[in-house]
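So you can see what is in the structure, the chains are spelled out below.
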Amino acid sequence: CMRYTMRCDLHVHTLHSHDSLAQAEPILARAVARGIGCLAITDHNTIEAAHRMVDNGRVQIIVGEEIATREGEMIGLWLHEAVSPGMSALETARAIRKQGGLVVLPHPYDVLRSGIAPAISPELLELVDAIEVWNARCWRPRWNRQALQLAQRYDKFFTAGSDAHLAHEVGQAWIELPEFHNRDSFAAALQTAGHVKRCASRHSVHLSSTLAKLVHRLHIRRTL
């Protein structure tokens, strides 16, 4: 029987995203308080904060990015360089793979947040490593159920994440994985993923993202 040793929240934003005001220290403190051993920092179209947070000494950090493709949003994990937004989904997946990253489809059926499901092609599916089967910010539970069915149908790895844009959201969703230390051992861990915590955030958290967009438009200085 496999012993699962780490809770991983694989979709977290910081104030380096245009719709988040969450700072690094509160994010890390919340993760520790909730027993989260690993966070994937997946800011929109940047990996700046993720790189800064890697050596925090408390929580393992995966450098990720939520990338705006022409067809919808895509996450790259274990990135070394940021992937430019605005390419096709297929081009984006290839760019992630080119640097050894893993391709993840976040909230693919969420019609309110650029879900990519309508644009999924056989060519794209060949490059997809994992599908986010639970996103705590999805308004409708069926969108997460559809994501799970898609992952099962095409035998893709599962991921789960809070999609936190506020520090207190961290840990709303997570997946249990065996201990890992790098990209390859993480991919191996996904093959034996354990329990997925499926909690939904309150709909009111989306108001915070609207406020964050306004604050960023007013050019409030971004600091970690």
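Residues numbered from 1 in each chain as written. Predicted model: local features only at pLDDT ≥ 70, side-chain atom pairs only at ≥ 80, totals over all residues. Heavy atoms only, no water.

Engineer: So what about the side chain of Asp-110? Which residues, and what values?
Structural biologist: For Asp-110, the location among the structural elements is in the loop between strand E5 (102-105) and helix H4 (122-127). Taking relative accessible area as the criterion, Asp-110 reaches 0% and is therefore assigned buried. At a separation of 2.8 Å, a polar atom in the side chain of Asp-110 contacts the side chain of Arg-113. With sequence-adjacent residues up to four places away left out, Asp-110 is seen in contact with Gly-115, Cys-138 and Trp-143. (Helix = DSSP H or I, 4+ residues; strand = E, 2+ residues; numbered from the N terminus. Buried < 20%, exposed > 50% of the residue type's maximum accessible area, 1.4 Å probe, protein only. Polar contact = N/O pair within 3.5 Å; in protein donor to acceptor, adjacent residues only side chain to side chain. Contact = heavy atoms within 4.5 Å.)

Engineer: Outline the environment of Leu-102, supporting the account with residue identities and numerical values.
Structural biologist: Inspection of the secondary structure assignment puts Leu-102 in strand E5. Remark: the alpha-carbon pair of Leu-102 and Leu-127, spanning 25 residues in sequence, is separated by 8.8 Å. Apart from the residues within four sequence positions on either side, Leu-102 is in contact with Ile-75, Gly-76, Leu-77, Trp-78, Ile-96, Asp-129, Arg-183, Phe-186 and Ala-187.

Engineer: If you had to explain the environment of Gly-37 to someone new, which residues and values would you point to?
Structural biologist: Its location among the elements puts Gly-37 in the loop between helix H1 (24-33) and strand E2 (38-41). When the C-alpha positions of Gly-37 and Gln-60 are compared, they lie 6.1 Å apart, and in sequence the two are 23 residues distant. Those residues within four positions of Gly-37 in sequence are excluded, and the remaining contacts are Met-6, Arg-7, Val-59 and Gln-60.

Engineer: Mind laying out helix H5 (residues 141-153), listing which residues take part and the relevant values?
Structural biologist: Helix length check: H5 (13 residues) gives 19 Å between terminal C-alpha atoms against 18 Å at 1.5 Å per residue, within 8%. Turning to H5, its buried residues are Trp-143, Asn-144, Ala-147, Leu-150 and Ala-151. Buried residues of H5, seen end-on, are gathered within an arc of 115° and therefore sit on one face of the element. Buried residues in H5 make contact with strand E6 (130-135) and strand E7 (157-161). (Expected span 1.5 Å × (residues − 1). Arc of directions from axis to C-beta.)

Engineer: Hey, could you go over the pairing of E6 for me, with residue numbers and the actual values?
Structural biologist: Along a regular strand, successive side chains alternate from one face of the sheet to the other. Extensive coverage of E6 is indicated by the burial of six of its six residues. Relative to E6, E5 is paired through two bridges, and the arrangement is parallel. When the bridges of E6 are listed, Leu-105 appears paired with Ile-131. With five bridges joining them, E6 and E7 adopt parallel strand pairing. (Pairing = 2+ DSSP bridges.)

Engineer: Tell me what's going on with helix H3 (residues 89-98), and back it up with residues and numbers.
Structural biologist: Since one α-helical turn is 3.6 residues long, residues separated by three or four positions face the same way. Listed in full, the buried residues belonging to H3 are Ala-89, Thr-92, Ala-93 and Ile-96. Looking straight down H3, one finds that the buried residues subtend no more than 100° of arc, so they occupy a single side.

Engineer: Would you mind going over the nonpolar core in detail, with residue names and values included?
Structural biologist: Ile-27, Leu-39 and Met-74 are the most contacted members of the largest nonpolar core, which totals 37 residues. Element by element, the count of residues in this core is highest for H1, at four residues. Grouped together as the second largest cluster of nonpolar side chains are 24 residues, Trp-78, Ala-136, Ile-175 and Leu-190 included. (Core = buried A, V, L, I, M, F, W, Y, C linked by side-chain atoms within 4.5 Å.)

Engineer: Outline the sheet that holds E2, listing residues and values.
Structural biologist: The strand order E7-E6-E5-E4-E3-E2-E1-E8-E9 describes an open sheet built from nine strands, whose pairing is mixed. In this open sheet, the two strands that pair with only one neighbour each are E7 and strand E9 (196-198). This sheet shows a mean twist of 30° between the axes of neighbouring strands, independent of strand direction. Across the sheet, H3 touches strand E3 (60-68), strand E4 (73-77) and E5, and the angle it forms with E4 is around 5°. (Axes fitted to C-alpha atoms, helices over the stretch in contact; angles between N-to-C directions.)

Keep in mind these numbers describe shape, not what the thing actually does.
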